[in-house]
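Here's the letter readout for the chains.
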Amino acid sequence: MENMNKKYKFKPGQGKTPQQYTDSTRFAWYGVVGMTLLVILLTLLGGCATTHDVSKECCKSKEISK
């Protein structure tokens, strides 16, 4: 019964441990970085100059289409 008076940072058996919070945060950031890199990669590979021949009309146009 002497241990009942100790103050814990977290209650044993409830919620997450500090290690689980750290792991969850790390994996969430891995996801954010991965999605950002995926968007950049798709943007670079999805442009007109990479998907069509440069001699086509879409790549020669210097006007901004509205």
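Residues numbered from 1 in each chain as written. Predicted model: local features only at pLDDT ≥ 70, side-chain atom pairs only at ≥ 80, totals over all residues. Heavy atoms only, no water.

Asker: Would you take a moment to explain a nonpolar patch on the surface for this structure?
Answerer: A surface patch of nonpolar side chains, about 800 Å² in accessible area, is lined by Val 33, Leu 37, Leu 38, Ile 40, Leu 41, Leu 42, Leu 44 and Leu 45. Structurally, Leu 42 is set in helix H1 (residues 18–45). Of the residues examined, Leu 42 reaches a relative accessible area of 55% and is grouped as exposed. (Patch = residues over 30% accessible without salt bridge, like charges linked within 9 Å, V, L, I, M, F, W, Y side chains within 5 Å. Areas by Shrake-Rupley, 256 points an atom, 1.4 Å probe, with all protein chains shown as cover. Salt bridge = Lys/Arg side-chain N within 4 Å of Asp/Glu carboxyl O. Helix = DSSP H or I, 4+ residues; strand = E, 2+ residues; numbered from the N terminus. Buried < 20%, exposed > 50% of the residue type's maximum accessible area, 1.4 Å probe, protein only.)

Asker: What should I look at first to understand the pattern of salt bridges in this one?
Answerer: Close approach of charged atoms lets side chains of opposite charge pair. Counted according to the given criterion, the structure contains 1 salt bridge. With a closest N to O distance of 3.2 Å, Asp 23 and Arg 26 form a salt bridge. Here Asp 23 and its partner Arg 26 are both found in helix H1, 3 residues apart, which amounts to about one turn of the helix. On the accessibility criterion, Asp 23 (24% relative accessible area) is partly exposed.

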